[in-house]
Number of protein chains: 2
Amino acid sequence: MVNIRDIAKKANVSITTVSRVINGHPYVKEDKRERVLAIMEEIGYQINMNAVHLSKGITKRIGVIIPFVSHPYFSQLLSGIYKGAFINKHHLLVMQTNYDNCVEVECLNMLKNREVDGIIIVSCELDQEIIADYKPFGPIVFCGEFVENFRCITIDHAAAFQLGLEELFYNGHTKIGYTLGRKNSHNSHVRALTYKNFMEIRTLPYDSKWIFDGAYTMEDGERIYHMWNKLRDKPTGLLVTNDQVAAGFLLAANKERNNLQSFVQIIGFDNQYISQLLSFSTIELPLTQMGETSFHLLFQEIKHVKLGHSLIKR
Amino acid sequence: MVNIRDIAKKANVSITTVSRVINGHPYVKEDKRERVLAIMEEIGYQINMNAVHLSKGITKRIGVIIPFVSHPYFSQLLSGIYKGAFINKHHLLVMQTNYDNCVEVECLNMLKNREVDGIIIVSCELDQEIIADYKPFGPIVFCGEFVENFRCITIDHAAAFQLGLEELFYNGHTKIGYTLGRKNSHNSHVRALTYKNFMEIRTLPYDSKWIFDGAYTMEDGERIYHMWNKLRDKPTGLLVTNDQVAAGFLLAANKERNNLQSFVQIIGFDNQYISQLLSFSTIELPLTQMGETSFHLLFQEIKHVKLGHSLIKR
């Protein structure tokens, strides 16, 4: 898409001047106006973009299916997607779905209806089978989850989770629990399997009470702390969904003046700034890079990109 | 916009079936397919939305100008805007601008180019004068800042700020400082003026060193704590831009085992969950409601809506 920065540069005038010429503002010198109009004609600057999109068959818009925009994990991914869109001069039609199937399908229909040229799915509830129906209409990329037969960018969730378990075990913990988001997501299944294998190979005890679901926010972390605190037989090592939940757990304990450090170790995910301030270990996931790369994948035939992760010990 | 939920309901079939009929999927029973197609024709379900938009002159899309999507203040506003869009069956074209003038103008041009029907400005750098040039092309609403001659939804920043100053003074603080975001924003000017008046009326001392700018994130809070800690003559009351910055300040102090509570009081803004966990006072701003109302304002002639705020004492 030609933008007014390009026109301003070519005509050697300010962006304000170009904007004013476009809008028929009276306070523009005649020679400048003529220069801008000439450039606009030369490079074909169009007014009604719906007409342009209809004739060209492309919109330079990409749809994004995302459950929540105000959660740090998702908003950091989104920030990366914006970076990719900016570099590629595209706009984003971001659909906040709250995991509502109907909204998800509506977004996919925008691909079919030519409102967008492609779709990035950050997370969704829809069956893969339904999504596959939309493949003929444009590129669809999964950002953060591995989905067979789709382009996707992921981290190795099993390996990252295993790394956390090993770290806890290495630090002397034999009673290890973990938290997860949605019970039935692909990632949750991967975690459950990794956990079970890990514990069984080392003949460690495990207990379904040591697994806490619905863990997304700081508030969830506080709730899980109280659940954990009521357990008779407590896990002493906890691998926690993300740093927000981990911080909620630790701050809730601090609030009760419960000095946890002697008998529980928390490891979070994401390496958010709060993990540094509260000095807990975390597994860093390259979220911004993941978002940005998902955008580039729209224009490439590569099926699967896997990014690395690393343990930040504190 | 007709959505497939409506079609599914009318035809008494599942959303999946409707989706498959639209996409020409073979595994749909003939009677169901016919029913769906009949309903689609009846309610005029269209395929190429660019053609629909071109013919109708509306897109059911709204543009949003927002500096950052991954900052809690902005993402909570955005969450409210999404709520409004969902209720009104509109989609959002959200432009993350990083306060780049060119991106801001690009978004305004989408209004002129009929890519969107209206614009919500959460925060921007552009001169009001330039924005006014776009008024003939559709509704423009400011969400969070008062701007003369535009529709806007605000809180009374001066009153909220004054309330914080009064609370600090009431708690015995005579040396009061504050933090702000961008030095030259409208809100910052309002705060500076409110502060100066407040201190002068009470003949309290004040010092430019007690005002800290560039305060947005937890990381900024940590930086400001260290600046504050190096001051010989420290303010003992601090009114802080938002709860993220306030939490960064307090956690940085805790990390150094600096037990601040005896000699400094922090008041934040936004009433985020972390303020509850760290037990500091905060001024609650109705951000989600503000976002949602900004959306409704697009379709109303009301010029200015002001929402309330309240002090949460802890």
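You'll find the structure just up there.
Residues numbered from 1 in each chain as written. Chains lettered and ligands numbered in written order. Predicted model: local features only at pLDDT ≥ 70, side-chain atom pairs only at ≥ 80, totals over all residues. Heavy atoms only, no water.

Taken together, the 64 residues of chain B in the interface contact 65 residues of chain A. Counting the surface lost from both chain B and chain A, the interface buries some 5900 Å², and carbon and sulfur atoms represent 57% of this. Taken together, the connections running from chain B to chain A amount to 4 salt bridges. For the salt bridge of B:R61 with A:E115, the shortest nitrogen-to-oxygen distance reads 3.0 Å. Inspection of the chain B/chain A interface yields 12 residue pairs in polar contact (both at pLDDT 80 or more). When residues of the side of chain B that touches chain A are assigned to their parent elements, the largest contribution, 7 residues, is made by helix α6 (residues 101-112) of chain B. Grouping the constituent residues of the side of chain B that touches chain A by class yields 30 nonpolar, 21 polar and 13 charged. (Contact = heavy atoms within 4.5 Å. Buried area = accessible area lost by both parts, 1.4 Å probe. Salt bridge = Lys/Arg side-chain N within 4 Å of Asp/Glu carboxyl O. Polar contact = N/O pair within 3.5 Å; in protein donor to acceptor, adjacent residues only side chain to side chain. Helix = DSSP H or I, 4+ residues; strand = E, 2+ residues; numbered from the N terminus. Nonpolar A, V, L, I, M, F, W, Y, C, P; charged D, E, K, R; others polar.)

Attention shifts here to the sheet that holds strand β6 (residues 176-179) of chain A. The pairing of strands in a sheet comes from backbone hydrogen bonds and takes either a parallel or an antiparallel form. Residue and element names in this part refer to chain A. Strand order across the open sheet formed by 6 strands is β7-β6-β8-β9-β10-β12, with mixed pairing between neighbours. Only two strands of the sheet have a single neighbouring strand rather than two, namely β7 (211-212) and β12 (310-312). Where strand β9 (residues 265-269) lies against strand β10 (residues 281-284), 3 bridges are found, and the strand directions are parallel. Each bridged residue has a counterpart across the sheet, and for G268 the counterpart in β10 is T282. In this fold helix α11 (residues 243-255) packs onto β8 (237-239), β9 and β10, with an angle of close to 150° to the strand it touches most, β9. (Pairing = 2+ DSSP bridges. Axes fitted to C-alpha atoms, helices over the stretch in contact; angles between N-to-C directions.)

Residue and element names in this part refer to chain B. The phi torsion at K60 lies on the positive side, around 55°, for a residue other than glycine. If you trace the backbone, K60 turns up in the loop between α4 (49-56) and β1 (61-66). Positive phi values are uncommon outside glycine, yet N98 reaches one of about 50°.

Core analysis: the largest hydrophobic core is formed by 134 residues, its most contacted members being A:L92, A:V94, A:M290, B:L92, B:V94 and B:M290. A:V94 has contacts with A:V64, A:I66, A:V69, A:L78, A:Y82, B:Y82 and B:L92, leaving out every residue within four places of it along the chain. Formed by 70 residues, the second largest nonpolar core is a distinct cluster that contains A:F137, B:A11, B:I22 and B:V36. (Core = buried A, V, L, I, M, F, W, Y, C linked by side-chain atoms within 4.5 Å. Buried < 20%, exposed > 50% of the residue type's maximum accessible area, 1.4 Å probe, protein only.)

On to the packing of aromatic side chains. Tallying each qualifying case throughout the model produces 26 aromatic pairs over all chains. Seen from their ring centres, B:Y225 and B:F249 are 5.4 Å apart, and the 85° between their planes marks the pair as edge-to-face. In this pair, B:Y225 sits in helix α10 (residues 218-230) while B:F249 sits in helix α11 (residues 243-255), placing the two residues 24 residues apart along the sequence. The exposure class of B:Y225 is buried, given its relative accessible area of 0%. By the ring-pair criterion, three or more aromatic residues cluster together here, those being A:F68, A:Y73, A:F74 and A:Y99. Just above the ring of A:W228 sits the side chain of A:K234; from NZ or CZ to the centre is 5.5 Å. Looking at B:R202, its charged tip hangs above the ring of B:F169, at a distance of 5.6 Å from the centre. (Phe/Tyr/Trp six-rings, centres within 6.5 Å; stacked < 30°, edge-to-face > 60°. Lys NZ or Arg CZ within 6 Å of the ring centre and 35° of its normal.)

Residues and elements named next belong to chain A. Taking 1.5 Å per residue as the helical rise, helix α3 (residues 30-42) with its 13 residues ought to reach 18 Å, and the 18 Å between its terminal C-alpha atoms agrees with that figure. Taken residue by residue, α3 has R33, V36, I39 and M40 as its buried positions. Buried residues of α3 fall within an arc of 130° about the axis and therefore sit on the same side. In α3, those exposed residues whose orientation departs by more than 90 degrees from the buried face are E34, E41 and E42. For α3, the elements touching its buried residues are α1 (4-11) and α2 (15-22). (Expected span 1.5 Å × (residues − 1). Arc of directions from axis to C-beta.)

Nothing here speaks to function; it is geometry throughout.
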